[in-house]
Protein chains: 2
Amino acid sequence: MTTAIIIGAGNVATHLALAMYHSGVKILAIYARKQQSAEKLANKVDAKSFTDLSLLPGNASLNIIAISDSAIELVSNKLQTNGIVVHTSGITPMSVLAKHPRRGVFYPLQSFKVNVPVKFNEVPVLIEASDEEALNLLKKVANLISKQVVEVQTHERQMVHLAAVFANNFTNHLYAVAHDILQGHGLSFDMLKPLIAQTAANMQHQLPENVQTGPAARVDMDTIEMHLQLLREHLPYRQLYELISASIIEKQNNRK
Amino acid sequence: MTTAIIIGAGNVATHLALAMYHSGVKILAIYARKQQSAEKLANKVDAKSFTDLSLLPGNASLNIIAISDSAIELVSNKLQTNGIVVHTSGITPMSVLAKHPRRGVFYPLQSFKVNVPVKFNEVPVLIEASDEEALNLLKKVANLISKQVVEVQTHERQMVHLAAVFANNFTNHLYAVAHDILQGHGLSFDMLKPLIAQTAANMQHQLPENVQTGPAARVDMDTIEMHLQLLREHLPYRQLYELISASIIEKQNNRK
(Lines give C-alpha, C1' and ligand atoms only; values in the text may rest on other atoms or scores of the structure.)
Protein backbone atom coordinates (compact mmCIF):
# COMPACT_ATOMS: atom_id res chain seq x y z
CA MET A 1 0.00 0.00 0.00
CA THR A 2 1.23 3.47 -0.87
CA THR A 3 1.81 5.67 2.15
CA ALA A 4 1.99 9.44 2.04
CA ILE A 5 2.68 12.50 4.14
CA ILE A 6 1.11 15.80 3.22
CA ILE A 7 2.96 18.95 4.21
CA GLY A 8 0.50 21.79 4.19
CA ALA A 9 -3.20 22.16 4.98
CA GLY A 10 -4.28 24.85 2.53
CA ASN A 11 -6.32 24.66 -0.68
CA VAL A 12 -4.15 22.25 -2.68
CA ALA A 13 -3.11 20.14 0.33
CA THR A 14 -6.72 19.67 1.41
CA HIS A 15 -8.12 18.59 -1.96
CA LEU A 16 -5.11 16.39 -2.70
CA ALA A 17 -5.21 14.69 0.70
CA LEU A 18 -8.91 13.99 0.34
CA ALA A 19 -8.60 12.65 -3.21
CA MET A 20 -5.71 10.36 -2.24
CA TYR A 21 -7.42 9.18 0.92
CA HIS A 22 -10.59 8.31 -0.97
CA SER A 23 -8.50 6.45 -3.57
CA GLY A 24 -6.97 4.15 -0.98
CA VAL A 25 -3.65 5.86 -0.28
CA LYS A 26 -2.74 5.65 3.39
CA ILE A 27 -2.07 9.17 4.68
CA LEU A 28 0.34 8.80 7.57
CA ALA A 29 0.60 12.43 8.59
CA ILE A 30 -0.49 16.00 7.92
CA TYR A 31 1.92 18.80 8.78
CA ALA A 32 0.91 22.45 9.18
CA ARG A 33 2.39 25.32 11.15
CA LYS A 34 -0.84 25.74 13.08
CA GLN A 35 -2.01 22.81 15.17
CA GLN A 36 -5.65 23.54 14.42
CA SER A 37 -5.13 23.46 10.65
CA ALA A 38 -3.10 20.27 10.77
CA GLU A 39 -5.64 18.56 13.01
CA LYS A 40 -8.64 19.61 10.96
CA LEU A 41 -7.29 18.06 7.77
CA ALA A 42 -5.73 15.07 9.55
CA ASN A 43 -9.12 14.18 11.02
CA LYS A 44 -10.68 14.14 7.57
CA VAL A 45 -8.14 11.66 6.20
CA ASP A 46 -7.57 9.49 9.22
CA ALA A 47 -3.98 10.72 9.73
CA LYS A 48 -1.84 12.08 12.54
CA SER A 49 -1.22 15.81 12.76
CA PHE A 50 2.19 17.47 13.21
CA THR A 51 3.46 20.99 13.68
CA ASP A 52 7.15 20.06 13.94
CA LEU A 53 8.82 18.92 10.73
CA SER A 54 11.53 17.03 12.60
CA LEU A 55 8.95 14.76 14.23
CA LEU A 56 7.37 13.57 10.96
CA PRO A 57 7.72 9.83 10.23
CA GLY A 58 10.56 9.20 7.78
CA ASN A 59 9.16 6.06 6.20
CA ALA A 60 6.37 7.32 3.93
CA SER A 61 6.87 6.32 0.31
CA LEU A 62 5.64 9.76 -0.84
CA ASN A 63 6.10 13.15 0.84
CA ILE A 64 4.05 15.91 -0.76
CA ILE A 65 4.99 19.53 -0.05
CA ALA A 66 1.82 21.50 -0.85
CA ILE A 67 2.61 24.96 0.47
CA SER A 68 3.30 28.39 -1.01
CA ASP A 69 6.06 28.43 -3.64
CA SER A 70 8.42 30.64 -1.67
CA ALA A 71 8.52 28.25 1.30
CA ILE A 72 9.10 24.97 -0.58
CA GLU A 73 12.91 24.98 -0.58
CA LEU A 74 13.20 25.83 3.10
CA VAL A 75 10.79 23.09 4.15
CA SER A 76 12.42 20.58 1.81
CA ASN A 77 15.81 21.27 3.38
CA LYS A 78 14.42 20.59 6.86
CA LEU A 79 12.66 17.39 5.84
CA GLN A 80 14.18 14.03 6.92
CA THR A 81 12.90 11.09 4.90
CA ASN A 82 13.92 8.05 2.90
CA GLY A 83 10.92 8.43 0.60
CA ILE A 84 10.26 10.41 -2.53
CA VAL A 85 9.74 14.15 -2.03
CA VAL A 86 7.58 16.20 -4.40
CA HIS A 87 6.09 19.66 -4.51
CA THR A 88 2.80 20.67 -6.16
CA SER A 89 3.79 23.98 -7.70
CA GLY A 90 3.24 24.84 -11.34
CA ILE A 91 6.17 27.18 -11.64
CA THR A 92 8.82 26.09 -9.09
CA PRO A 93 11.77 24.06 -10.48
CA MET A 94 12.19 20.52 -9.21
CA SER A 95 15.74 21.46 -8.27
CA VAL A 96 14.62 23.24 -5.07
CA LEU A 97 14.16 19.70 -3.70
CA ALA A 98 17.83 18.85 -4.43
CA LYS A 99 18.47 17.71 -0.87
CA HIS A 100 16.45 14.58 -1.62
CA PRO A 101 17.93 12.06 -4.07
CA ARG A 102 14.46 10.88 -5.24
CA ARG A 103 12.27 13.84 -5.98
CA GLY A 104 9.55 15.05 -8.30
CA VAL A 105 6.65 17.34 -9.01
CA PHE A 106 2.97 16.54 -8.67
CA TYR A 107 1.06 19.51 -10.10
CA PRO A 108 -2.74 19.35 -10.13
CA LEU A 109 -3.96 21.87 -12.71
CA GLN A 110 -7.00 23.47 -11.13
CA SER A 111 -7.83 26.47 -9.00
CA PHE A 112 -8.75 25.07 -5.59
CA LYS A 113 -10.68 26.57 -2.71
CA VAL A 114 -10.86 24.61 0.55
CA ASN A 115 -14.65 24.71 0.80
CA VAL A 116 -15.54 24.25 -2.85
CA PRO A 117 -15.86 20.55 -3.81
CA VAL A 118 -13.83 19.44 -6.83
CA LYS A 119 -14.24 16.37 -9.04
CA PHE A 120 -10.60 15.46 -8.69
CA ASN A 121 -10.71 12.74 -11.33
CA GLU A 122 -11.29 15.51 -13.88
CA VAL A 123 -8.29 17.54 -12.69
CA PRO A 124 -5.23 17.01 -14.92
CA VAL A 125 -2.13 16.04 -12.91
CA LEU A 126 1.26 16.97 -14.38
CA ILE A 127 4.11 14.85 -13.08
CA GLU A 128 7.87 15.08 -13.29
CA ALA A 129 10.48 12.94 -11.51
CA SER A 130 14.19 12.60 -10.90
CA ASP A 131 14.31 8.90 -11.82
CA GLU A 132 12.29 5.97 -13.13
CA GLU A 133 11.31 4.63 -9.72
CA ALA A 134 10.00 8.00 -8.54
CA LEU A 135 8.19 8.48 -11.85
CA ASN A 136 6.45 5.14 -11.54
CA LEU A 137 5.20 5.92 -8.05
CA LEU A 138 3.93 9.34 -9.10
CA LYS A 139 2.19 7.83 -12.14
CA LYS A 140 0.56 5.21 -9.94
CA VAL A 141 -0.76 7.73 -7.42
CA ALA A 142 -1.79 10.25 -10.09
CA ASN A 143 -3.72 7.59 -12.01
CA LEU A 144 -5.56 6.63 -8.83
CA ILE A 145 -7.01 10.11 -8.43
CA SER A 146 -7.20 11.55 -11.96
CA LYS A 147 -8.08 10.38 -15.44
CA GLN A 148 -5.73 12.89 -17.08
CA VAL A 149 -2.09 12.31 -16.07
CA VAL A 150 0.62 14.00 -18.14
CA GLU A 151 4.36 13.50 -17.85
CA VAL A 152 6.19 16.78 -18.47
CA GLN A 153 9.58 18.43 -18.18
CA THR A 154 10.11 21.50 -15.97
CA HIS A 155 9.93 24.00 -18.84
CA GLU A 156 6.72 22.44 -20.18
CA ARG A 157 5.09 22.51 -16.76
CA GLN A 158 5.98 26.16 -16.40
CA MET A 159 4.45 26.88 -19.79
CA VAL A 160 1.24 25.12 -18.75
CA HIS A 161 1.20 27.18 -15.56
CA LEU A 162 1.63 30.35 -17.63
CA ALA A 163 -1.16 29.31 -20.03
CA ALA A 164 -3.38 28.62 -17.02
CA VAL A 165 -2.82 32.17 -15.77
CA PHE A 166 -4.22 33.46 -19.08
CA ALA A 167 -7.13 30.99 -19.16
CA ASN A 168 -8.10 31.31 -15.50
CA ASN A 169 -6.71 34.31 -13.59
CA PHE A 170 -6.77 36.77 -16.49
CA THR A 171 -10.14 35.57 -17.70
CA ASN A 172 -11.55 36.03 -14.21
CA HIS A 173 -10.19 39.57 -14.19
CA LEU A 174 -12.00 40.32 -17.46
CA TYR A 175 -15.19 39.12 -15.78
CA ALA A 176 -14.38 41.56 -12.97
CA VAL A 177 -13.90 44.42 -15.44
CA ALA A 178 -17.24 43.55 -17.06
CA HIS A 179 -18.89 43.48 -13.65
CA ASP A 180 -17.37 46.85 -12.79
CA ILE A 181 -18.61 48.42 -16.03
CA LEU A 182 -22.14 47.13 -15.43
CA GLN A 183 -22.18 48.09 -11.75
CA GLY A 184 -21.11 51.62 -12.63
CA HIS A 185 -24.39 51.97 -14.51
CA GLY A 186 -26.65 50.15 -12.07
CA LEU A 187 -26.86 47.10 -14.35
CA SER A 188 -26.95 43.51 -13.13
CA PHE A 189 -24.08 41.07 -13.65
CA ASP A 190 -26.78 38.40 -14.10
CA MET A 191 -27.19 39.54 -17.69
CA LEU A 192 -23.70 38.28 -18.54
CA LYS A 193 -23.98 34.88 -16.90
CA PRO A 194 -25.42 32.98 -19.90
CA LEU A 195 -22.80 34.54 -22.19
CA ILE A 196 -19.95 33.64 -19.83
CA ALA A 197 -21.24 30.08 -19.56
CA GLN A 198 -21.57 29.74 -23.33
CA THR A 199 -18.12 31.19 -24.04
CA ALA A 200 -16.47 28.63 -21.76
CA ALA A 201 -18.72 25.77 -22.91
CA ASN A 202 -17.56 26.37 -26.51
CA MET A 203 -14.03 25.43 -25.43
CA GLN A 204 -15.01 21.87 -24.59
CA HIS A 205 -15.43 21.10 -28.32
CA GLN A 206 -13.94 23.97 -30.28
CA LEU A 207 -10.63 25.74 -30.57
CA PRO A 208 -10.75 29.37 -29.41
CA GLU A 209 -9.34 30.81 -32.64
CA ASN A 210 -12.17 29.15 -34.60
CA VAL A 211 -14.94 30.81 -32.61
CA GLN A 212 -13.47 34.27 -32.06
CA THR A 213 -16.17 36.91 -32.62
CA GLY A 214 -16.63 40.59 -31.78
CA PRO A 215 -15.62 43.98 -33.18
CA ALA A 216 -11.85 43.29 -33.18
CA ALA A 217 -12.24 39.91 -34.92
CA ARG A 218 -14.14 41.55 -37.78
CA VAL A 219 -11.95 44.68 -37.62
CA ASP A 220 -15.06 46.81 -37.07
CA MET A 221 -13.32 50.09 -36.31
CA ASP A 222 -16.60 52.02 -35.88
CA THR A 223 -17.67 49.84 -32.94
CA ILE A 224 -14.16 49.82 -31.49
CA GLU A 225 -14.14 53.63 -31.61
CA MET A 226 -17.53 53.78 -29.88
CA HIS A 227 -16.34 51.44 -27.14
CA LEU A 228 -13.17 53.47 -26.60
CA GLN A 229 -15.34 56.55 -26.38
CA LEU A 230 -17.51 54.84 -23.70
CA LEU A 231 -14.28 54.13 -21.77
CA ARG A 232 -12.91 57.68 -22.07
CA GLU A 233 -13.19 58.24 -18.33
CA HIS A 234 -11.63 54.93 -17.38
CA LEU A 235 -8.12 54.94 -18.79
CA PRO A 236 -6.93 51.57 -17.37
CA TYR A 237 -9.87 49.68 -18.94
CA ARG A 238 -9.37 51.65 -22.14
CA GLN A 239 -5.76 50.50 -22.30
CA LEU A 240 -6.84 46.89 -21.74
CA TYR A 241 -9.45 47.24 -24.47
CA GLU A 242 -6.93 48.67 -26.93
CA LEU A 243 -4.21 46.13 -26.27
CA ILE A 244 -6.45 43.05 -26.34
CA SER A 245 -8.22 44.29 -29.48
CA ALA A 246 -4.86 44.89 -31.17
CA SER A 247 -3.81 41.37 -30.17
CA ILE A 248 -7.01 39.89 -31.66
CA ILE A 249 -6.54 41.84 -34.91
CA GLU A 250 -2.91 40.71 -35.12
CA LYS A 251 -3.93 37.08 -34.63
CA GLN A 252 -6.59 37.36 -37.34
CA ASN A 253 -4.02 38.82 -39.74
CA ASN A 254 -1.59 35.99 -39.03
CA ARG A 255 -4.25 33.42 -39.95
CA LYS A 256 -4.85 34.87 -43.42
CA MET B 1 -51.70 37.39 -32.81
CA THR B 2 -48.39 39.18 -33.12
CA THR B 3 -47.03 39.24 -36.66
CA ALA B 4 -43.40 39.88 -37.51
CA ILE B 5 -41.04 40.36 -40.41
CA ILE B 6 -37.37 39.46 -40.00
CA ILE B 7 -34.89 41.35 -42.13
CA GLY B 8 -31.71 39.30 -42.30
CA ALA B 9 -30.91 35.58 -42.33
CA GLY B 10 -27.62 35.47 -40.44
CA ASN B 11 -26.78 34.27 -36.92
CA VAL B 12 -29.03 36.59 -34.91
CA ALA B 13 -31.87 36.60 -37.46
CA THR B 14 -31.95 32.81 -37.59
CA HIS B 15 -32.04 32.18 -33.84
CA LEU B 16 -34.49 35.01 -33.24
CA ALA B 17 -36.84 33.88 -36.01
CA LEU B 18 -36.81 30.31 -34.71
CA ALA B 19 -37.41 31.35 -31.10
CA MET B 20 -40.30 33.62 -32.06
CA TYR B 21 -41.82 31.05 -34.40
CA HIS B 22 -41.70 28.38 -31.70
CA SER B 23 -43.30 30.82 -29.23
CA GLY B 24 -46.31 31.37 -31.45
CA VAL B 25 -45.40 34.60 -33.22
CA LYS B 26 -46.55 34.53 -36.85
CA ILE B 27 -43.53 35.26 -39.06
CA LEU B 28 -44.92 36.83 -42.24
CA ALA B 29 -41.69 37.24 -44.15
CA ILE B 30 -37.93 36.77 -44.16
CA TYR B 31 -35.83 39.20 -46.18
CA ALA B 32 -32.22 38.54 -47.26
CA ARG B 33 -30.13 39.78 -50.15
CA LYS B 34 -29.60 36.25 -51.41
CA GLN B 35 -32.67 34.27 -52.42
CA GLN B 36 -31.19 31.03 -51.09
CA SER B 37 -30.54 32.46 -47.61
CA ALA B 38 -33.99 34.02 -47.38
CA GLU B 39 -35.69 30.84 -48.52
CA LYS B 40 -33.73 28.58 -46.20
CA LEU B 41 -34.76 30.49 -43.09
CA ALA B 42 -38.29 31.21 -44.37
CA ASN B 43 -38.89 27.47 -44.80
CA LYS B 44 -37.92 26.84 -41.19
CA VAL B 45 -40.44 29.33 -39.82
CA ASP B 46 -43.27 28.89 -42.28
CA ALA B 47 -42.80 32.35 -43.82
CA LYS B 48 -42.46 33.86 -47.28
CA SER B 49 -39.02 34.84 -48.54
CA PHE B 50 -38.10 38.17 -50.10
CA THR B 51 -35.01 39.69 -51.71
CA ASP B 52 -36.59 43.05 -52.51
CA LEU B 53 -37.29 45.34 -49.54
CA SER B 54 -39.97 47.27 -51.43
CA LEU B 55 -42.06 44.12 -51.85
CA LEU B 56 -42.25 43.28 -48.13
CA PRO B 57 -45.74 43.37 -46.58
CA GLY B 58 -46.32 46.67 -44.73
CA ASN B 59 -48.76 45.33 -42.15
CA ALA B 60 -46.58 43.36 -39.71
CA SER B 61 -46.84 44.62 -36.15
CA LEU B 62 -43.09 44.14 -35.66
CA ASN B 63 -40.26 44.55 -38.18
CA ILE B 64 -36.92 43.30 -36.91
CA ILE B 65 -33.76 44.43 -38.68
CA ALA B 66 -31.16 41.81 -37.73
CA ILE B 67 -28.23 42.63 -40.00
CA SER B 68 -24.73 44.04 -39.60
CA ASP B 69 -24.59 47.36 -37.73
CA SER B 70 -23.29 49.39 -40.64
CA ALA B 71 -26.26 48.47 -42.88
CA ILE B 72 -29.11 49.13 -40.42
CA GLU B 73 -29.73 52.78 -41.22
CA LEU B 74 -29.74 52.25 -44.98
CA VAL B 75 -32.19 49.36 -44.77
CA SER B 76 -34.38 51.22 -42.29
CA ASN B 77 -34.64 54.16 -44.68
CA LYS B 78 -35.79 51.89 -47.50
CA LEU B 79 -38.36 50.08 -45.36
CA GLN B 80 -42.09 50.89 -45.89
CA THR B 81 -44.27 49.84 -42.96
CA ASN B 82 -46.95 50.97 -40.54
CA GLY B 83 -45.57 48.71 -37.81
CA ILE B 84 -42.89 49.08 -35.21
CA VAL B 85 -39.31 48.88 -36.50
CA VAL B 86 -36.47 47.62 -34.30
CA HIS B 87 -32.86 46.62 -34.73
CA THR B 88 -30.99 43.96 -32.73
CA SER B 89 -27.64 45.69 -32.29
CA GLY B 90 -25.94 46.16 -28.94
CA ILE B 91 -24.12 49.31 -29.88
CA THR B 92 -26.15 51.10 -32.58
CA PRO B 93 -28.30 54.06 -31.38
CA MET B 94 -32.06 53.73 -31.80
CA SER B 95 -31.94 57.03 -33.70
CA VAL B 96 -30.75 55.35 -36.92
CA LEU B 97 -34.35 54.18 -37.24
CA ALA B 98 -35.62 57.78 -37.12
CA LYS B 99 -37.58 57.38 -40.33
CA HIS B 100 -40.12 55.28 -38.43
CA PRO B 101 -42.29 57.00 -35.81
CA ARG B 102 -42.56 53.84 -33.66
CA ARG B 103 -39.18 52.24 -33.21
CA GLY B 104 -37.07 50.37 -30.75
CA VAL B 105 -34.22 48.01 -30.03
CA PHE B 106 -34.44 44.29 -29.35
CA TYR B 107 -30.95 43.15 -28.33
CA PRO B 108 -30.46 39.47 -27.45
CA LEU B 109 -27.29 39.22 -25.35
CA GLN B 110 -25.58 36.10 -26.61
CA SER B 111 -22.99 35.11 -29.19
CA PHE B 112 -24.92 33.21 -31.86
CA LYS B 113 -23.75 30.81 -34.56
CA VAL B 114 -26.34 29.60 -37.11
CA ASN B 115 -25.64 25.90 -36.57
CA VAL B 116 -25.14 25.91 -32.80
CA PRO B 117 -28.44 25.42 -30.92
CA VAL B 118 -29.22 27.99 -28.21
CA LYS B 119 -31.62 27.80 -25.29
CA PHE B 120 -33.19 31.11 -26.17
CA ASN B 121 -35.22 31.34 -22.98
CA GLU B 122 -31.91 31.75 -21.14
CA VAL B 123 -30.73 34.56 -23.39
CA PRO B 124 -31.27 38.01 -21.82
CA VAL B 125 -33.16 40.37 -24.13
CA LEU B 126 -32.52 44.11 -23.70
CA ILE B 127 -35.30 46.28 -25.02
CA GLU B 128 -35.68 49.97 -25.69
CA ALA B 129 -38.55 51.80 -27.39
CA SER B 130 -39.65 55.19 -28.69
CA ASP B 131 -43.02 55.09 -26.91
CA GLU B 132 -45.23 53.13 -24.53
CA GLU B 133 -47.07 51.20 -27.21
CA ALA B 134 -43.87 50.03 -28.89
CA LEU B 135 -42.39 49.18 -25.49
CA ASN B 136 -45.39 47.05 -24.59
CA LEU B 137 -45.17 45.06 -27.80
CA LEU B 138 -41.43 44.49 -27.38
CA LYS B 139 -41.96 43.40 -23.76
CA LYS B 140 -44.67 41.00 -24.84
CA VAL B 141 -42.56 39.38 -27.56
CA ALA B 142 -39.39 39.33 -25.45
CA ASN B 143 -41.21 37.65 -22.57
CA LEU B 144 -42.51 35.00 -24.94
CA ILE B 145 -39.00 33.89 -25.86
CA SER B 146 -36.82 34.74 -22.83
CA LYS B 147 -37.05 34.62 -19.07
CA GLN B 148 -34.68 37.59 -18.64
CA VAL B 149 -36.07 40.77 -20.23
CA VAL B 150 -34.46 44.08 -19.28
CA GLU B 151 -35.64 47.55 -20.23
CA VAL B 152 -32.67 49.84 -20.85
CA GLN B 153 -31.69 53.20 -22.27
CA THR B 154 -29.30 53.52 -25.22
CA HIS B 155 -26.28 54.34 -23.09
CA GLU B 156 -26.94 51.42 -20.76
CA ARG B 157 -27.34 49.00 -23.65
CA GLN B 158 -24.05 50.19 -25.08
CA MET B 159 -22.37 49.64 -21.72
CA VAL B 160 -23.74 46.09 -21.58
CA HIS B 161 -22.44 45.51 -25.09
CA LEU B 162 -19.03 46.79 -24.02
CA ALA B 163 -19.04 44.59 -20.90
CA ALA B 164 -19.98 41.62 -23.09
CA VAL B 165 -16.92 42.26 -25.26
CA PHE B 166 -14.74 41.88 -22.16
CA ALA B 167 -16.60 38.82 -20.85
CA ASN B 168 -16.92 37.02 -24.17
CA ASN B 169 -14.68 38.21 -27.03
CA PHE B 170 -11.68 39.15 -24.89
CA THR B 171 -12.00 36.06 -22.71
CA ASN B 172 -12.08 33.90 -25.82
CA HIS B 173 -8.91 35.61 -27.01
CA LEU B 174 -7.17 34.75 -23.73
CA TYR B 175 -8.16 31.12 -24.31
CA ALA B 176 -6.55 31.49 -27.75
CA VAL B 177 -3.35 32.89 -26.23
CA ALA B 178 -3.27 29.98 -23.76
CA HIS B 179 -3.80 27.53 -26.62
CA ASP B 180 -1.01 29.15 -28.60
CA ILE B 181 1.42 28.95 -25.65
CA LEU B 182 0.63 25.25 -25.16
CA GLN B 183 0.78 24.42 -28.86
CA GLY B 184 4.18 26.06 -29.15
CA HIS B 185 5.48 23.41 -26.73
CA GLY B 186 3.59 20.44 -28.11
CA LEU B 187 1.18 20.44 -25.17
CA SER B 188 -2.52 19.64 -25.41
CA PHE B 189 -5.23 22.27 -24.92
CA ASP B 190 -7.27 19.48 -23.26
CA MET B 191 -5.32 20.11 -20.05
CA LEU B 192 -6.94 23.53 -19.69
CA LYS B 193 -10.53 22.47 -20.33
CA PRO B 194 -11.46 21.61 -16.72
CA LEU B 195 -9.91 24.88 -15.51
CA ILE B 196 -11.76 26.93 -18.12
CA ALA B 197 -15.03 25.22 -17.23
CA GLN B 198 -14.49 25.81 -13.50
CA THR B 199 -13.53 29.47 -13.93
CA ALA B 200 -16.75 30.19 -15.80
CA ALA B 201 -18.87 28.00 -13.52
CA ASN B 202 -17.71 30.06 -10.52
CA MET B 203 -19.45 33.10 -12.06
CA GLN B 204 -22.89 31.54 -11.75
CA HIS B 205 -22.79 31.98 -7.95
CA GLN B 206 -19.82 34.22 -7.14
CA LEU B 207 -18.61 37.69 -8.01
CA PRO B 208 -15.36 37.69 -9.98
CA GLU B 209 -13.52 39.99 -7.58
CA ASN B 210 -14.22 37.58 -4.72
CA VAL B 211 -12.58 34.60 -6.43
CA GLN B 212 -9.61 36.27 -8.11
CA THR B 213 -6.51 34.12 -7.67
CA GLY B 214 -3.07 33.89 -9.27
CA PRO B 215 0.32 35.59 -9.00
CA ALA B 216 -0.97 39.12 -9.63
CA ALA B 217 -3.77 38.80 -7.07
CA ARG B 218 -1.27 37.86 -4.37
CA VAL B 219 1.34 40.29 -5.77
CA ASP B 220 3.78 37.40 -6.15
CA MET B 221 6.49 39.25 -8.05
CA ASP B 222 8.80 36.21 -8.25
CA THR B 223 6.26 34.21 -10.24
CA ILE B 224 5.33 37.23 -12.36
CA GLU B 225 9.02 37.69 -13.20
CA MET B 226 9.39 34.03 -14.14
CA HIS B 227 6.32 34.23 -16.39
CA LEU B 228 7.64 37.37 -18.09
CA GLN B 229 10.91 35.56 -18.62
CA LEU B 230 9.05 32.65 -20.25
CA LEU B 231 7.42 35.19 -22.59
CA ARG B 232 10.66 36.98 -23.47
CA GLU B 233 10.44 35.86 -27.09
CA HIS B 234 6.79 36.75 -27.49
CA LEU B 235 6.51 40.47 -26.92
CA PRO B 236 2.76 40.88 -27.68
CA TYR B 237 1.79 38.24 -25.09
CA ARG B 238 4.28 39.71 -22.66
CA GLN B 239 2.59 43.10 -23.01
CA LEU B 240 -0.81 41.52 -22.41
CA TYR B 241 0.55 39.72 -19.36
CA GLU B 242 2.05 42.92 -17.92
CA LEU B 243 -1.01 45.10 -18.50
CA ILE B 244 -3.58 42.60 -17.20
CA SER B 245 -1.42 41.82 -14.16
CA ALA B 246 -1.04 45.54 -13.42
CA SER B 247 -4.83 45.91 -13.72
CA ILE B 248 -5.39 43.03 -11.27
CA ILE B 249 -2.91 44.51 -8.78
CA GLU B 250 -4.55 47.92 -9.08
CA LYS B 251 -7.97 46.41 -8.43
CA GLN B 252 -6.68 44.55 -5.37
CA ASN B 253 -5.20 47.78 -4.01
CA ASN B 254 -8.47 49.62 -4.51
CA ARG B 255 -10.29 47.02 -2.43
CA LYS B 256 -8.05 47.46 0.59
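Before reading on, note that the structure itself is shown above.
What you see is a predicted model, and the numbers here were worked out from it, not measured in a lab.

In this structure, Ile6, Ile30 and Ala163 of chain A together with Ile6, Ile30 and Ala163 of chain B are the most contacted members of the largest nonpolar core, which totals 170 residues. Ignoring any residue separated from it by four or fewer positions in sequence, one finds alanine 163 of chain B in contact with Ala178, Ile181, Leu182 and Leu192 of chain A.

Let us look at helix α8 (residues 235–255) of chain B. Counted at 1.5 Å a residue, the expected span for α8 of chain B with its 21 residues is 30 Å, and the 30 Å between its end C-alpha atoms agrees. Residues Tyr237, Leu240, Tyr241, Ile244, Ser245, Ser247 and Ile248 of chain B constitute the buried set of α8 of chain B. Along the axis of α8 of chain B, the buried positions cluster into a sector of 160 degrees, meaning they face one direction only. In this structure, α8 of chain B carries Leu235, Glu250, Asn253 and Asn254 of chain B as exposed residues pointing more than 90 degrees from its buried face. Turning to α8 of chain B, the residues buried within the fold contact α5 (154–183) and α8 (235–255) of chain A together with α5 (154–183) and α7 (221–230) of chain B.

Two copies of the chain are present, and they differ by a rotation about an axis and a shift along that axis. Laying chain A over chain B is done by rotating through 180 degrees and shifting 0.0 Å along the axis; what remains is an RMSD of 0.0 Å. Taken together, the rotation and translation relating the two chain copies correspond to the operation of a two-fold axis. Distance from the rotation axis, computed per C-alpha, reaches its smallest value in chain A at threonine 171 of chain A: 2.7 Å. Comparing contact sets, 100% of the residues at the interface of chain A also lie at the interface in chain B, consistent with an isologous, same-surface contact.

Adjacent strands of a sheet pair through backbone hydrogen bonds, lying either parallel or antiparallel. Residue and element names in this part refer to chain B. Spatial strand order, β3-β2-β1-β4-β5-β6-β7-β8: eight strands in an open sheet with mixed pairing. Edge positions in the sheet fall to β3 (48–50) and β8 (149–151), since each has one partner strand and no second. Going across the sheet, the axis of each strand differs from the next one's by a mean of 25 degrees, ignoring polarity. Bridge count between strand β2 (residues 26–31) and β3: three bridges; the pairing is parallel. By the bridge assignment for β3, alanine 29 is matched with lysine 48.

Rules and cut-offs
- Every residue gets a number counted from 1 within its own chain, in the order that chain's sequence is written.
- Starting at A for chains and at 1 for ligands, labels are handed out in the order in which the entities are written.
- Confidence filtering applies because this is a predicted model: local features only for residues at pLDDT of at least 70, side-chain atom pairs given and counted only at 80 or more, and all residues used for totals across whole chains, interfaces and linings.
- Take the buried Ala, Val, Leu, Ile, Met, Phe, Trp, Tyr and Cys residues, join any whose C-beta atoms are within 7 Å, and the set you get is a nonpolar core.
- Residues with at least 20 neighbouring C-beta atoms inside 10 Å of their own are called buried, those with 12 or fewer are called exposed, and the rest are partly exposed, where every C-beta is derived from the backbone.
- Distance between backbone-placed C-beta atoms decides contact: two residues are in contact if it is within 7 Å.
- Secondary structure elements follow DSSP: runs of H or I no shorter than four residues count as helices, runs of E no shorter than two count as strands, and numbering proceeds from the N terminus.
- In this scheme, a helix's expected span is set at 1.5 Å multiplied by one less than its residue total.
- Within this analysis, the arc is defined by the directions that extend from the helix axis to the C-beta atoms.
- Each copy is superposed on the other by least squares, with the fit set by C-alpha atoms of residues at a pLDDT of at least 70 in both.
- Paired strands, in this sense, are two strands between which DSSP finds at least two bridges.
- To obtain each axis, a line is fitted to C-alpha atoms, and for helices this fit is confined to the stretch in contact; angles are then taken between N-to-C directions over 0 to 180 degrees.

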